[in-house]
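# Coordinate analysis (summary)
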Amino acid sequence: MVLLTRPLSQVGNLQSLLDDSDLDYVLFPSFEINKIDTVLPNERYDVIIFISVNAVIYSEKCFSQLFVEPLKIFAVGPTTAKKLIDKGVKVDAYPLENASSQELLAMPECGELTDKKILIVRGKGGSQTLKNSLKAMNQVDYLEVYSRTPCEVSRLHVESIERFMQTPDGIIIANSVESLFNVMKLAKGIRSYHEDDLKSRTLVVFSERIKVQAKSMGFENIHVTPTPSDKGTIIELLKQKNKNIT
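In this report, we go over the structure that sits alongside the text. Just so it is clear, the structure is predicted and the values come from calculations on it, not from any experiment.

Looking now at the pattern of salt bridges. Here the structure, examined in full by the defined rule, presents 12 salt bridges. Between glutamate 60 and lysine 87 there is a salt bridge, and its shortest N-O distance comes to 2.9 Å. One end of the pair, glutamate 60, is in the loop between α2 (53–57) and α3 (63–66); the other, lysine 87, is in the loop between α4 (78–86) and α5 (101–105), and 27 residues separate them in sequence. Within the structure, one salt-bridge network assembled from shared partners comprises Arg122, Lys124 and Glu144.

A few words on the packing of aromatic side chains. Applying the stated rule across the entire model yields 4 aromatic pairs. Here the aromatic rings of phenylalanine 50 and phenylalanine 67 are separated by 6.3 Å at their centres, their planes lie at 80 degrees, and the arrangement is edge-to-face. Of this pair, phenylalanine 50 sits in strand β4 (residues 47–50) while phenylalanine 67 sits in the loop between α3 and β5 (72–75); the two residues are 17 residues apart in sequence, bridging distant segments of the chain. A residue is classified by how much of its surface remains accessible, and phenylalanine 50, at 0% relative accessible area, is buried. Note on tyrosine 58 and tyrosine 146: the rings are 5.9 Å apart at their centroids and 35 degrees apart in plane angle, and the pair reads as tilted. Taken as a pair, tyrosine 58 in the loop between α2 and α3 and tyrosine 146 in strand β7 (residues 139–150) lie far apart in primary sequence, 88 residues in all. We classify tyrosine 58 as buried; its relative accessible area is 17%. Just above the ring of tyrosine 142 sits the side chain of arginine 122; from NZ or CZ to the centre is 3.6 Å.

Moving on, we come to the sheet that holds strand β3 (residues 31–35). Read from one edge to the other, the open sheet built from 5 strands follows the order β3-β7-β6-β4-β5, with strand pairing classed as mixed. Here the strands that pair on one side only, and so sit at the sheet edges, are β3 and β5. Each adjacent strand pair in this sheet contributes to an overall mean axis angle of 25 degrees, direction not counted. Its contacts with the sheet place α4 against β4 and β5, and it is angled at close to 135 degrees to β5.

Before going further, it helps to examine the sheet that holds strand β9 (residues 202–205). In space, the 5 strands of this open sheet follow the order β2-β1-β8-β9-β10, with parallel pairing throughout. The open sheet is flanked by β2 (25–27) and β10 (222–224), the only strands paired with a single partner. When the angles between neighbouring strand axes are averaged without regard to direction, this sheet yields 25 degrees. By the bridge criterion, 2 bridges tie strand β1 (residues 2–4) to strand β8 (residues 171–174) in an arrangement that is parallel. From the neighbouring strand, valine 2 faces β8, where its bridge partner is isoleucine 171.

Leu3, Ile161, Phe164, Leu198, Leu203 and Phe219 are the most contacted members of the largest nonpolar core, which totals 26 residues. Elements with a contribution of two residues or more to this core: α8 (155–165), β8, α9 (177–190), β9 and α11 (208–217). What phenylalanine 164 contacts, discounting residues up to four positions off in sequence, is Met1, Val2, Leu3, Val26, Gly170, Ile171, Ile172, Leu198 and Arg201. Counting 23 residues, the second largest nonpolar core, distinct from the first, contains Phe50, Leu66, Ala75 and Val91.

Given a rise of 1.5 Å per residue, 14 residues ought to cover 20 Å, and the 20 Å separating the end C-alpha atoms of α9 matches this to within 8%. Of the positions making up α9, those classed as buried are Val177, Ser179, Leu180, Asn182, Val183, Met184, Leu186, Ala187 and Ile190.

Parameters and conventions
Residues numbered from 1 in each chain as written. Predicted model: local features only at pLDDT ≥ 70, side-chain atom pairs only at ≥ 80, totals over all residues. Heavy atoms only, no water. Salt bridge = Lys/Arg side-chain N within 4 Å of Asp/Glu carboxyl O. Helix = DSSP H or I, 4+ residues; strand = E, 2+ residues; numbered from the N terminus. Phe/Tyr/Trp six-rings, centres within 6.5 Å; stacked < 30°, edge-to-face > 60°. Buried < 20%, exposed > 50% of the residue type's maximum accessible area, 1.4 Å probe, protein only. Lys NZ or Arg CZ within 6 Å of the ring centre and 35° of its normal. Pairing = 2+ DSSP bridges. Axes fitted to C-alpha atoms, helices over the stretch in contact; angles between N-to-C directions. Contact = heavy atoms within 4.5 Å. Core = buried A, V, L, I, M, F, W, Y, C linked by side-chain atoms within 4.5 Å. Expected span 1.5 Å × (residues − 1).

Everything listed here is a matter of geometry and, on its own, says nothing about what the molecule does.
What follows is the structure, given as structure tokens:
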């Protein structure tokens, strides 16, 4: 059984893939995504960087005002790029495999940015890596279009964790460090011993950075998906399932 920790509004595609792969799961959302009111900066930008799929979704109504030519569009990873492309937006640069600020910064398209006006579209708060790296040679602004609000314990959380704990080979999915922290907090809030119980389970994460953090929290059986995507998640889940069977 898989513990799905994504926001309920964004778990549909992965649910379908799990159903197709005959993988059982329960829903245990770690946080909610909420659109926030924002004021568009009164600037014309040379480059706009989208930090996540949510950044694309919650800024779409602003595209006509933001996309003023000449302009280049960057994405932090392939999933975000695909979301833009699906909406008819040409993406000029993005890491082809792993979604990370570091990999985007390592691309020549980013290395060539000098004296440019850059807008980073993202959620409220989060990593400063992109801005800190680019602002030395450029003007860098944020457009924050959504917020992540940690979930409170609900009946769904209680029912899901109880079902999950009945399966000793259950697998937890964590797409971010923030998500993992919230999952542990929710589980502990339901029953204090669930925190240690979860640490004994298999954990599937999107990146080495999350793996390092998870290890520091006490997890031991941690696996990184081959790609930070729904498809990559399914590949790793099936791999772990087959390992448990054998």
